[in-house]
Structure formats: C-alpha cells, structure tokens
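Inside the fold
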Amino acid sequence: MRFTQASSKYGIPKGTLYDNILGKSKRMAVLEEAGLTASEENAVLEFCCDVSVSPYNRRTKKSLKSILEYVETLRRLRDPEFTFTGLSGFRWWWAFCKKHSIVSLYYDNNGSLNNTM
C-alpha cells in the first residue's frame, strides 16, 4: 500500500507516515540519550539564545563546537564520563533546534554564512 492510500484509508497525514516509517521519530530520541534535565535544557537555551533578555528570540550565532562543549560541561557535573562521539553531537543539536524552534546561524572566520538548520 502506498503512503497516499494508507493516509486516505486510515486518516493519518502523509507527513506523519513518512516520518514514522523513515525514522524521524527516532531522530528526536537523541534528546533523551543526552539526558539533559529541564534546568539544563533551559541553561542551553540561555547560552545559545539569551532567552532571559529576549524570550522569543530563537536564533543563535554560536558555533556548534561551542554549544557542544557547553552541553558536555553541564552533563559532566553529573556524569564525568559524558561526551558526544561521532555525529551524536550534531544529531543532538538538530533535534534540540527542532524541539525549541531555534534557527542556528553561524558565521565562520571567512565571513560566510553557515546555516546549520
């Protein structure tokens, strides 16, 4: 059965079927694997977006490297062995941005724009 047919037959949006079958729901599970508490997530939001100054600002110009270092520092207070390995840090950042509607804009040393989201 095709996505369109299943969508019509069961009343499920096509996008939901695509996401569930192709694994989008699993991509968000990386947030749980990092194990941040609510207060740690808020600290990351503050670090990235200065939400205490501008609560609706969901843009950051921080580099992925600096954000991941900050998160690792937070987590190591509870788990000294915590570290992001391979692509896990990038996947965590992608899911975190999706969850909190963050637009990540980072300018490298050459002045060019790197849009990671």
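Here, every reference points to the structure presented above.
This section reports on the structure supplied with the text. Remember, it's a predicted structure, so these values are computed and weren't measured experimentally.

1. A word on the pattern of salt bridges
Scanning all chains against the criterion turns up 4 salt bridges. For arginine 78, the salt bridge is made with glutamate 40, and the minimal N-O distance between the two is 2.8 Å. Placement of the pair is arginine 78 in the loop between helix H6 (64-76) and helix H7 (88-100) and glutamate 40 in helix H5 (residues 38-49), with a sequence separation of 38 residues. Close ionic contact of lysine 99 with glutamate 41 constitutes a salt bridge, the shortest N to O distance being 3.1 Å. Within this pair, whereas lysine 99 is found in helix H7, its partner glutamate 41 is found in helix H5, the two being separated by 58 residues in sequence. Accessibility expressed as a relative area gives 44% for lysine 99, which makes it partly exposed.

2. Focus: H5
With 12 residues, H5 extends 16 Å between its outermost C-alpha atoms, agreeing within 8% with the 16 Å of an ideal straight helix rising 1.5 Å per residue. Taken residue by residue, H5 has Glu40, Glu41, Val44, Leu45, Cys48 and Cys49 as its buried positions. On an axial view of H5, the arc spanned by its buried residues comes to 145°, and they lie on one face. Residues of H5 that are buried make contact with strand E1 (59-60), H6 and H7. In the segment just after H5, aspartate 50 is the residue with positive phi, at about 50°.

3. Remarks on the nonpolar core
Ranked by size, the top nonpolar core spans 22 residues in total, and within it Val44, Val71, Phe84, Trp92, Trp93, Phe96 and Ile102 carry the most contacts. Of all the secondary structure elements, the ones that give two or more residues to this core are helix H4 (30-34), H5, H6 and H7. Among the elements that make up this core, the one with the highest residue count is H7 (6 residues). Among residues more than four places away in sequence, those in contact with valine 44 are Leu36, Tyr70, Val71, Leu74, Trp92 and Phe96.

4. Quick word on the environment of valine 71
Residue placement: valine 71 occurs in helix H6. In this structure valine 71 comes out as buried when scored by relative accessible area, which is 0%. When near neighbours in sequence (up to four residues on either side) are disregarded, valine 71 contacts Leu36, Val44, Phe84 and Trp92.

5. Brief notes about the packing of H5 against H6
At a minimum axis separation of 11 Å, H5 and H6 run at an interaxial angle of 150°. Taken together, H5 and H6 sit at an angle that is classed as roughly antiparallel. The interaxial crossing formed by H5 with H6 has right-handed handedness. Across the interface between the two elements, Glu40, Ala43, Val44, Phe47 and Cys48 from H5 touch Ser66, Ile67, Tyr70, Val71, Leu74 and Arg75 from H6. The class makeup of the residues in the contact of H5 with H6 is 8 nonpolar, 1 polar and 2 charged.

6. Looking at the packing of aromatic side chains
Tallied over the full model, the rule gives 6 aromatic pairs. When the centroid spacing of 5.9 Å and the interplanar angle of 40° are considered together, the rings of phenylalanine 84 and tryptophan 92 count as tilted. When sorted by exposure, phenylalanine 84 lands in the same class as tryptophan 92, which is buried. Taking the centre distance of 6.0 Å and the plane angle of 20° together, the rings of tryptophan 93 and phenylalanine 96 count as stacked. One end of the pair, tryptophan 93, and the other, phenylalanine 96, are both in helix H7, 3 residues apart, so they sit about a helical turn from each other.

Scoring rules and cut-offs
- Residues numbered from 1 in each chain as written.
- Predicted model: local features only at pLDDT ≥ 70, side-chain atom pairs only at ≥ 80, totals over all residues.
- Heavy atoms only, no water.
- Salt bridge = Lys/Arg side-chain N within 4 Å of Asp/Glu carboxyl O.
- Helix = DSSP H or I, 4+ residues; strand = E, 2+ residues; numbered from the N terminus.
- Buried < 20%, exposed > 50% of the residue type's maximum accessible area, 1.4 Å probe, protein only.
- Expected span 1.5 Å × (residues − 1).
- Arc of directions from axis to C-beta.
- Contact = heavy atoms within 4.5 Å.
- Core = buried A, V, L, I, M, F, W, Y, C linked by side-chain atoms within 4.5 Å.
- Axes fitted to C-alpha atoms, helices over the stretch in contact; angles between N-to-C directions.
- Parallel < 35°, antiparallel > 145°, perpendicular 65-115°, else oblique.
- Left-handed = near helix turned anticlockwise from the far one by under 90°.
- Nonpolar A, V, L, I, M, F, W, Y, C, P; charged D, E, K, R; others polar.
- Phe/Tyr/Trp six-rings, centres within 6.5 Å; stacked < 30°, edge-to-face > 60°.

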